[in-house]
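A structural walkthrough
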Amino acid sequence: MKISITAILFMTLFFALQSHAQHGEHEHNHNHEGQVAEPSAASNDMGNAACEDTINIKVSGLVCDFCARSLEKVFLKRSDVAGIKVDLGKGFVAVATKPGLTIDDATLTKLITDSGYNVNAIQRGCEHG
Amino acid sequence: MKLTVFTLCCVILMGYAPQSLSRPVSYPGGWTVMQKNDKNAHSLHVHYSPTAKYSIGYRTEYWREENWQFHGAQLNYLVKRHNAPASQANFYLKGGLGTAHGDLGVPDSEPQLAAFADIALDWETRRYFTSYENRVYYAEDIAKFFRQKARVGIAPYIGDYGDLHTWLMLQVDHITGERDNISVTPLVRFFKNEYLVEVGISDKGGILFNLIIRF
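Quick caveat, the model's predicted, so the values are computed rather than measured.

**A word on the pairing of strand 9 (residues 165-175) of chain B**
Residue and element names in this part refer to chain B.
- Judged by how many residues are buried, strand 9 sits mostly within the fold: eight of 11 residues are covered.
- Where strand 8 (residues 143-154) meets strand 9, eight bridges bridge the pair, whose relative direction is antiparallel. Paired with Gly153 across the two strands is Met169, which belongs to strand 9.
- Of the strand pairs in this sheet, strand 9 and strand 10 (residues 181-192) are connected by 11 bridges, and their pairing is antiparallel. What sits directly across from Leu168, in strand 10, is Val188.
- Linking strand 9 back to strand 10 in an antiparallel pair, the connection comprises five residues, with Gly177 at a positive phi of about 90°.

**Some details on the confidence of the model for chain B**
- Of all residues in chain B, 87% attain a pLDDT of 70 or more, and the chain-wide mean is 86.
- Confidence drops under pLDDT 50 across residues 3-21 of chain B; counting only partners more than four residues distant or on other chains, this segment forms 47 contacts.

**A word on the packing of aromatic side chains**
- Taken as a whole and judged by the stated rule, the model has nine aromatic pairs over all chains.
- With a centroid separation of 6.0 Å and 5° between ring planes, the pair formed by Trp63 of chain B and Trp68 of chain B is classed as stacked.
- By relative accessible area, which is 1% here, Trp63 of chain B ends up buried.
- Considering the side-chain rings of Phe129 of chain B and Trp167 of chain B, the 6.2 Å spacing of their centres and the 70° angle between planes classify their relative orientation as edge-to-face. Taken together, the residues Phe129 of chain B in strand 7 (residues 128-139) and Trp167 of chain B in strand 9 connect sequence positions 38 residues apart.
- Take Trp167 of chain B: its relative accessible area is 4%, and that puts it in the buried class.
- Three or more aromatic residues link up through ring pairs in this structure, and these residues are Trp63, Trp68, Phe70, Phe116, Tyr137 and Phe145 of chain B.
- Just above the ring of Tyr161 of chain B sits the side chain of Arg69 of chain A; from NZ or CZ to the centre is 4.1 Å.

**Re the pattern of salt bridges**
Residues and elements named next belong to chain B.
- Inspection of every chain in the model, using the stated rule, returns 16 salt bridges over all chains.
- Between Glu133 and Lys94 there is a salt bridge whose closest N-O contact spans 2.8 Å. A residue pair is termed long-range when its members are at least 10 positions apart, and Glu133 in strand 7 and Lys94 in strand 5 (residues 87-101) qualify at 39 residues.
- In this structure Glu133 comes out as buried when scored by relative accessible area, which is 18%.
- Taking the shortest distance from any N to any O, the salt bridge between Arg135 and Glu133 comes out at 3.9 Å. Like Glu133, Arg135 is buried.

**Some words on the interface of chain A and chain B**
- With 37 residues of chain A in contact, the opposing surface of chain B contributes 43 residues.
- Of the roughly 3400 Å² buried between chain A and chain B on both sides combined, carbon and sulfur atoms contribute 64%.
- Among the residues of chain A in contact with chain B, Val63, Phe66 and Arg69 of chain A are the three that bury the most area, contributing 22% of the side total.
- Taken together, the links from chain A to chain B amount to one salt bridge.
- Between Lys73 of chain A and Glu194 of chain B there is a salt bridge; the shortest N-O distance is 3.4 Å.
- Inspection of the chain A/chain B interface yields 11 residue pairs in polar contact (both at pLDDT 80 or more).
- Elements supplying a minimum of two residues to the side of chain A that touches chain B: helix 1 (2-30), helix 2 (65-76) and helix 3 (105-115) of chain A.

**Things to note about the sheet that holds strand 4 (residues 118-124) of chain A**
Residue and element names in this part refer to chain A.
- Pairing in this open sheet of four strands is antiparallel, and the strands run 2-3-1-4 from one edge to the other. One side of each edge strand has no neighbouring strand; the edge strands of this open sheet are strand 2 (81-87) and strand 4. Each neighbouring strand pair of the sheet contributes to a mean axis angle of 20°, computed without reference to strand direction.
- With six bridges connecting them, strand 2 and strand 3 (residues 92-97) associate as antiparallel partners. Across the sheet, the residue bridging to Lys85 is Ala94, located in strand 3.
- Along the sheet, helix 2 contacts strand 1 (54-60), strand 2 and strand 3; its crossing angle with strand 2, the most-contacted strand, is approximately 165°.

Thresholds, definitions, all that
- Residues numbered from 1 in each chain as written.
- Chains lettered and ligands numbered in written order.
- Predicted model: local features only at pLDDT ≥ 70, side-chain atom pairs only at ≥ 80, totals over all residues.
- Heavy atoms only, no water.
- Buried < 20%, exposed > 50% of the residue type's maximum accessible area, 1.4 Å probe, protein only.
- Helix = DSSP H or I, 4+ residues; strand = E, 2+ residues; numbered from the N terminus.
- Pairing = 2+ DSSP bridges.
- pLDDT = per-residue confidence, 0-100.
- Contact = heavy atoms within 4.5 Å.
- Phe/Tyr/Trp six-rings, centres within 6.5 Å; stacked < 30°, edge-to-face > 60°.
- Lys NZ or Arg CZ within 6 Å of the ring centre and 35° of its normal.
- Salt bridge = Lys/Arg side-chain N within 4 Å of Asp/Glu carboxyl O.
- Buried area = accessible area lost by both parts, 1.4 Å probe.
- Polar contact = N/O pair within 3.5 Å; in protein donor to acceptor, adjacent residues only side chain to side chain.
- Axes fitted to C-alpha atoms, helices over the stretch in contact; angles between N-to-C directions.

Set out below in structure tokens:
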């Protein structure tokens, strides 16, 4: 029992340090030229989406990474979506639509609700809260 | 008495800290596989969510000491979800219906009707987590008992989307029936992307290992 708790504590410390190091890298990447969103993993990637193809959605309830995977699953199966980026810290979901395509507010609200969250605001373009 | 005190503690806990990460209901069209093991039993639950309100799936359990197993269908229903700017709370009802097989290995042991009903509540922020769940089992002559568990958890660091997330948790289990007891299990939960793993060991020496994968 004692050994297990000690092992758990060491594993936690290891992952905490690893995460801290990753955050350092993220901060560094954010400082480049005020890009809308930096490319990261393929499934959580806005790529080089133009401002007119970017939708920023402020949502509530966005607290858990594992649960928020539903956002990717719901949005990325649509043919009009090019990419998605989730920001747990700010409670924002950025959606990149394919050039020339858009998604109306009612559909966005339904997609967010289906993913398990509530929409607070929808903003189109690069600038958001 | 034990049951009353434990239930009261859980209710108080939920009152002070108004989620389950394992989410028994997923997004429309989503599949989830949950494999759980503890000192009492091993279980496998595979479910599909037609809508964001409910899921339906197959469940099997094997209870080690009593040597019986359950096979059946399980329905999970999201009664209420409360999304706040920095937290989420959920209230689920679950039910299962199937057959129980006791005295494994005995040729003339007949399967019996079995069912369970379950209430689950959870609340979490990015830092804190709490949940409570109970279940009533009925399996004719094989088993009849009540089980409840409560959890509290804290994230030692706040990870970004896509990071490896870690939670330190404490789970308290209470089970009635032949093995009437309360056990305490410290555990650690890791998740990254669609994979969640929990590892712990109870004060009774039982190993806890849970794995959840979402598709």
